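Next come the chains, spelled out residue by residue.
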Amino acid sequence: MNKKKLLRFAALILMLGSVLTMAVQAAGEEVDPMAGNPFYHSFWALVPPIIAIALALITKEVYSSLFIGIVVGGLLYSKFDFEGTLTHVFNDGVVGSLSDSYNVGILVFLVILGAMVAIMNKAGGSAAFGRWASTHIKTRIGAQLATIALGVLIFIDDYFNCLTVGSVMRPVTDKHNISRAKLAYLIDATAAPVCIIAPVSSWAAAVSGFVEEGNGLHLFIKAIPYNFYALLTIVMMLFLAFSNMDFGPMARHEDAAKKGDIFNGLKKASDAANQKVNEKGKVIDLVLPIIVLIVACVIGMIYSGGFFEGESFINAFSNADASVGLMLGSAVTLVLSIIYFLCRRVLSFKDLMECIPEGFKAMVPAILILTFAWTLKAMTDSLGAKEYVADLVTASAGNFQSFLPAIIFLIACFLSFATGTSWGTFGILIPITLSVFPLDNPLGVVCVSACMAGAVCGDHCSPISDTTIMASAGAQCDHVAHVSTQLPYALTVAAVSAVAYIVSGFLPNAVLVLPFAILIMIVTLFVMKRLIGDRDIEVMSVDKMQNSKKDE
């Protein structure tokens, strides 16, 4: 949909609201959202997220889509009263979400995290690690495993992952003739898929924000074993590295790389983010701040969970307030990092202070998505969407509930792929999912995990995803080449994950289902390797026959 059509659609919404407003006022009806609202606890309560999803799919623009969904929710709540809509959207919605202490803590964590990313990049720690790795890694398998390990290590944030792993590992993978497309895949596959299973990450904080206060982190941890797409993606990367197997367009890129052409004939992508390397940087400048951040955030979370008041570590971590823990941990880490870099004389105090607004700017898109998603959640809650969906599903779903995890996974995949954002996707779907199942329902945990896994899968495949674009930039790989080579890999993992979610819908037990999913993934890859090997033998035979005919 082009801008003109979008403007027409928005104008139509406003005109419809104006007409209905005049009709209500002309009838002399008193506007009271708390009593006699025909839209409350009905299908109309689901209209705001449905409109947001539909517009996001059509326009592929998540910000305006979420905002229009919010406005529609305000119109329904106020029964199309202009003043009531305005106050509900901004006072109860935007301001209410941003004034919530839990939400504000998450936003503070994101801003501090952005500042930490800027400081570590500017200090030259990433470049120093790259120089160290190039002298210690001797094989292609080692270079791929080192890339995977670094991506898993930097699980705090996907943006940080993409911006760091690419610049660190490019010299290493180039030395061992690994294609830039393969490097981009490894970067992308260790960004969002790793962050979504890391309790100490910006993604854990975001997901926790869509759950009732105090239960978000606990639910996130319980959902990790059911996040099949993320876990199976790691299994697939390890299998590809050890087996030296590639298929689809990636196989052509790797064959060309082994012959010295790491770009497979394509022009080298420009690196707009290329910055002057700080020669004073050392490996410790990358490793130490990350370790301190992890430790400080864990201490902050168990502090919020009552560990220092007598609770056990496990209970304290399960009961932790992610907002408080991550905020306190990141704040302490930022102060310690500033002191550390000043003592090391790697960066001046002025340089360190400049990194803070730079980090804030980097996190603006994430903050905007979170704010709109929280506000849309407030609109649907005020219309009784949770109660309506819960009653509807309880009354009519029956055995159909067992297929909900797989259905939710596929819906989240499609929505995230079309919009290019996983945060916006699970920001829309998780509140609706939680309205169907209580937090103590095992199937509800599976469905929430399916939301997150599907959102990451679609984001992983989408050519308009920020993470996908940054992975291409980090590897200095042609973006279309990255998307085309990564898609068959992601779809293979998605297919196995969908099967696992069907099984888990009938048997919500991670101890049984997760090993089954890993087994199916490995068997699938072995079968593909066998088929690819047989095909290669046939191709070689044909080539030999053609060469012999030419000789004759």
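Residues numbered from 1 in each chain as written. Predicted model: local features only at pLDDT ≥ 70, side-chain atom pairs only at ≥ 80, totals over all residues. Heavy atoms only, no water.

Things to note about the confidence of the model for the chain
Residues of the chain with pLDDT of at least 70 account for 83%, and the chain-wide mean is 80. Between residues 269-274, whose pLDDT stays under 50, and residues either more than four places distant or in other chains, the model counts 6 contacts. Between residues 537-547, whose pLDDT stays under 50, and residues either more than four places distant or in other chains, the model counts 0 contacts. (pLDDT = per-residue confidence, 0-100. Contact = heavy atoms within 4.5 Å.)

Considering the environment of Ala 192
By secondary structure assignment, the location of Ala 192 is in helix 10 (residues 192-195). You can call Ala 192 buried: its relative accessible area is 2%. Sequence spacing of Ala 192 and Cys 457 is 265 residues, and the spatial spacing of their C-alpha atoms is 8.9 Å. With near-sequence residues (within four places) excluded, Ala 192 lies in contact with Asp 158, Trp 203, Val 456 and Asp 459. (Helix = DSSP H or I, 4+ residues; strand = E, 2+ residues; numbered from the N terminus. Buried < 20%, exposed > 50% of the residue type's maximum accessible area, 1.4 Å probe, protein only.)

Some points on helix 18 (residues 349-382)
Quick reminder: α-helices carry 3.6 residues per turn. Residues three or four places apart thus point the same way. Spanning 34 residues, helix 18 covers 47 Å between terminal C-alpha atoms, matching the ideal 50 Å at 1.5 Å per step. At Met 363, helix 18 is bent by approximately 45°, the largest bend along its length, and proline Pro 365 sits one to four residues beyond. (Expected span 1.5 Å × (residues − 1). Bend = angle between axes of the 7 residues up to and from the residue.)

Brief notes about the packing of helix 23 (residues 466-475) against helix 24 (residues 479-506)
A packed helix pair is summarised by two numbers, namely the angle formed by the two axes and the spacing between the axes. Between helix 23 and helix 24, the least distance of the axes is 9 Å, while the angle of their chain directions is 115°. Seen along the crossing, helix 23 lies across helix 24 with a hand that is right-handed. Contacts between helix 23 and helix 24 involve Thr 468, Ile 469, Ala 471 and Ser 472 from the first element and His 479, His 482, Val 483 and Gln 486 from the second. (Axes fitted to C-alpha atoms, helices over the stretch in contact; angles between N-to-C directions. Left-handed = near helix turned anticlockwise from the far one by under 90°.)

A short note on helix 13 (residues 228-243)
Between the first and last C-alpha of helix 13 there are 22 Å, a value that for 16 residues agrees with the 22 Å anticipated at 1.5 Å per step. The buried count for helix 13 comes to 12 of 16 residues, which makes it a mostly enclosed element. Directly after helix 13, the chain includes Asn 244, whose backbone phi takes a positive value near 55°.

Comments concerning the pattern of salt bridges
Tallied over the full model, the rule gives 7 salt bridges. One salt bridge in this structure joins Asp 246 and Lys 182, with 3.1 Å as the shortest N-O distance. Remark: Lys 182 occurs in helix 9 (residues 180-189) and Asp 246 occurs in the loop between helix 13 and helix 14 (249-258); sequence separation between them is 64 residues. Both residues of the pair, Asp 246 and Lys 182, count as buried. Arg 344 is paired through a salt bridge with Asp 285; the nearest N and O atoms lie 2.7 Å apart. Residue Arg 344 is found in helix 17 (residues 322-344), and its partner Asp 285 is found in helix 15 (residues 284-304); the two are separated by 59 residues along the sequence. Judged by its relative accessible area of 24%, Arg 344 is partly exposed. By relative accessible area, which is 0% here, Asp 285 ends up buried. (Salt bridge = Lys/Arg side-chain N within 4 Å of Asp/Glu carboxyl O.)

So, a nonpolar patch on the surface
A cluster of nonpolar side chains, Ile 291, Val 295, Ile 299, Tyr 303, Phe 307, Phe 308, Phe 313, Ile 314 and Leu 328, forms an exposed patch at the surface whose accessible area comes to about 870 Å². Looking at the nonpolar patch, the elements with two or more residues in it are helix 15 and helix 16 (313-318). The biggest single contributor to the nonpolar patch is helix 15, with 4 residues. For Ile 299, a relative accessible area of 41% gives the class partly exposed. (Patch = residues over 30% accessible without salt bridge, like charges linked within 9 Å, V, L, I, M, F, W, Y side chains within 5 Å. Areas by Shrake-Rupley, 256 points an atom, 1.4 Å probe, with all protein chains shown as cover.)

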